[in-house]
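# Structural description and commentary
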Amino acid sequence: LQAAAGHWAQSCCESAMALSEKARFLYEAVLKPQTDAEKARRFFPMLRKWAETGKEYRGEVYSSAEVEEAIAAFERSAAPRNVPSPQQQKTE
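Calculation rules
Residues numbered from 1 in each chain as written. Predicted model: local features only at pLDDT ≥ 70, side-chain atom pairs only at ≥ 80, totals over all residues. Heavy atoms only, no water. Buried < 20%, exposed > 50% of the residue type's maximum accessible area, 1.4 Å probe, protein only. Helix = DSSP H or I, 4+ residues; strand = E, 2+ residues; numbered from the N terminus. Arc of directions from axis to C-beta. Contact = heavy atoms within 4.5 Å. Phe/Tyr/Trp six-rings, centres within 6.5 Å; stacked < 30°, edge-to-face > 60°. Lys NZ or Arg CZ within 6 Å of the ring centre and 35° of its normal. Axes fitted to C-alpha atoms, helices over the stretch in contact; angles between N-to-C directions. Parallel < 35°, antiparallel > 145°, perpendicular 65-115°, else oblique. Left-handed = near helix turned anticlockwise from the far one by under 90°. Nonpolar A, V, L, I, M, F, W, Y, C, P; charged D, E, K, R; others polar.

### Details of helix α4 (residues 44–53)
- Regarding α4, the residues found buried are Phe44, Leu47, Trp50 and Ala51. Buried residues along α4 cover an arc of 130° about the axis, so they all sit on one side. Turned more than 90 degrees away from the buried face of α4, the exposed residues are Pro45, Glu52 and Thr53.
- Among the structural elements, α2 (21–31), α3 (37–41), β1 (56–57) and α5 (64–78) are those in contact with the buried residues of α4.
- Immediately downstream of α4, the backbone of Gly54 shows phi near 75°, a positive value.

What follows is the structure, given as structure tokens:
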């Protein structure tokens, strides 16, 4: 279990490091702190809507590309924990 947790922490940090500044903020401040993947995924539609409408979050406006970048990083970080995404669940 420790090895799996170490692997998750490593891939999690690697995912966050490759992000743009604003995408990294969304990942670190909104998605990563959630206690499980499904709770984090509940934020996806809201973040996408905010990007579409130009709503500010903590003094910044985020583009759709930045939101999608943060979401993709989260999904990559969630994968080693064997938590299927909604898309994966539909294909099984």
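### With respect to the environment of Lys32
- Structurally, Lys32 can be placed in the loop between α2 and α3.
- The sequence separation of Lys32 and Ser77 amounts to 45 residues, and the corresponding C-alpha distance is 9.0 Å.

### Quick word on the packing of aromatic side chains
- Tallying each qualifying case throughout the model produces 4 aromatic pairs.
- For the pair Phe25 and Tyr62, a centre-to-centre distance of 6.3 Å together with 5° between the ring planes defines the contact as stacked. Here Tyr62 lies in the loop between β2 (60–61) and α5 and Phe25 lies in helix α2, a separation of 37 residues in the sequence.
- Look at Tyr62 and you get buried, because its relative accessible area is 7%.
- Consider the rings of Phe44 and Phe74, whose centres lie 6.1 Å apart with planes at 80°: the pair is edge-to-face. In this pair, Phe44 is assigned in helix α4 and Phe74 in helix α5, connecting sequence segments 30 residues apart. Like Phe44, the residue Phe74 is buried in the burial classification.
- One aromatic cluster in this structure is built from Phe25, Trp50, Tyr57 and Tyr62.
- Residue placement shows Lys22 over the ring face of Tyr62; its charged tip is 5.8 Å from the ring centre.
- If you follow Lys55 out to its NZ or CZ, it ends over the ring of Trp50, 5.4 Å from the centre.

### Quick look at the packing of α4 against α5
- Between α4 and α5, the least distance of the axes is 8 Å, while the angle of their chain directions is 160°. Taken together, α4 and α5 sit at an angle that is classed as roughly antiparallel. The handedness of the crossing between α4 and α5 comes out as right-handed. Mapping the contact onto sequence places Phe44, Leu47, Arg48 and Ala51 in α4 and Ser64, Val67, Glu68, Ile71, Phe74 and Glu75 in α5.
- Split into classes, the residues belonging to the contact of α4 with α5 amount to 6 nonpolar, 1 polar and 3 charged.

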